[in-house]
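Summary of structural features
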Amino acid sequence: MQITNFDQEDADIDWFATDSSGHILHVASGGGVLPESVAASQEVLLELHQHFLTRPELEVAEVVNGAEEASSYQSFARYARRGLFSFEKTRLHERADTRYHLVARPLRPLLLHELPAPLAELLGRTRLPGSVAEQVTLDVATIL
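Residues numbered from 1 in each chain as written. Predicted model: local features only at pLDDT ≥ 70, side-chain atom pairs only at ≥ 80, totals over all residues. Heavy atoms only, no water.

**Concerning the pairing of strand 4 (residues 85–89)**
Applied cut-off: Relative accessibility decides the category of a residue: with a 1.4 Å probe and only protein chains considered, values under 20% of the type maximum give buried, values over 50% give exposed, and everything between is partly exposed. Counting from the N terminus, the helices are the DSSP runs of H or I reaching at least four residues and the strands are the DSSP runs of E reaching at least two. When DSSP finds two or more bridges between two strands, those strands count as paired.
Across the 5 residues of strand 4, 5 count as buried, placing the element largely inside the fold. The side-chain alternation of strand 4 yields two buried faces, one formed by Phe85, Phe87 and Lys89 and the other by Ser86 and Glu88. Of the strand pairs in this sheet, strand 4 and strand 5 (residues 99–106) are connected by 4 bridges, and their pairing is antiparallel. Of the residues in strand 5, the one forming a bridge with Phe87 is Leu102.

**A word on the packing of aromatic side chains**
Under the convention used in this document: When the centres of two rings from Phe, Tyr and Trp lie within 6.5 Å, Trp using its six-membered ring, the rings pair. Their planes under 30 degrees apart give stacked, over 60 give edge-to-face, and anything left gives tilted.
Within this structure, the stated rule accounts for 2 aromatic pairs. Among the aromatic side chains, those forming a connected cluster through ring pairs are Phe16, Phe52 and Tyr79.

**A word on the side chain of Lys89**
Stated precisely, the cut-off is as follows: Whether two residues touch is decided by their heavy atoms; if any such pair falls within 4.5 Å, the residues are in contact.
With respect to the secondary-structure elements, Lys89 resides in strand 4. Lys89 has contacts with Ala28, Ser29, Gly30, Gly32, Glu94, Arg95, Asp97, Thr98, Arg99, Tyr100 and His101, leaving out every residue within four places of it along the chain.

**Here's the deal with the pattern of salt bridges**
Our working rule: For this analysis, a salt bridge means a side-chain nitrogen from Lys or Arg found within 4 Å of a carboxyl oxygen belonging to Asp or Glu.
Tallied over the entire structure, the rule returns 4 salt bridges. Taking the shortest distance from any N to any O, the salt bridge between Arg108 and Glu114 comes out at 2.8 Å. Judged by relative accessible area, Arg108 falls into the partly exposed class, the value being 37%. Here Glu114 falls in the partly exposed class, since its relative accessible area comes to 31%.

**A few points about helix 3 (residues 42–54)**
Test applied: In this scheme, a helix's expected span is set at 1.5 Å multiplied by one less than its residue total. What the arc covers is the set of directions going from the helix axis to the C-beta atoms.
The end-to-end C-alpha distance of helix 3, which contains 13 residues, comes to 18 Å, matching closely the 18 Å that a straight helix rising 1.5 Å per residue would cover. Taken together, the buried positions of helix 3 are occupied by Val44, Leu45, Leu48, His51 and Phe52. Taken around the axis of helix 3, the buried residues stretch over an arc of 130°, which confines them to a single face.

Everything listed here is a matter of geometry and, on its own, says nothing about what the molecule does.
See the structure below:
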C-alpha cells in the first residue's frame, strides 16, 4: 500500500536509501515529503525497517556537531551503531523543505552488498547520486 501525502505530512517516518558507493542511509522524515520510491510501498519500508532494527549493534556511533545533547540522539545513534548514516530533517514539519543534516555516522559503515540480495534490491530503488561518507547535510530532492 502506498504512503499517502496526508500520512507523510502527519508522521515522522524512518526510511532508507543507499548511495553511489553502497553506503546505507537512515532518514527520519520529520513530516517531509518522501521520495516516490519510498512512498510507493509501506510493506517494503516495513521490511527494511525490521531488518535494520534487528541487526546487531556493532560499535559506538560518531556524534556529529554536538547532537548527543538532543533528546532524540539515541534513536539516530541506534541506526549508526548498525552501520547506517543517520539523518534528521533540519526544519521539522516544514513539508516543502528538503534539507536534512547528519546526526550520527557509523564507525564501520554497512554496505549494500552485505545485505541479503532481496533486501539489497529493495533498498537499491532509493539512491543518492553521490557518496554520503563525507556529507553532513543532505538534500533529499537529489535522491533518485
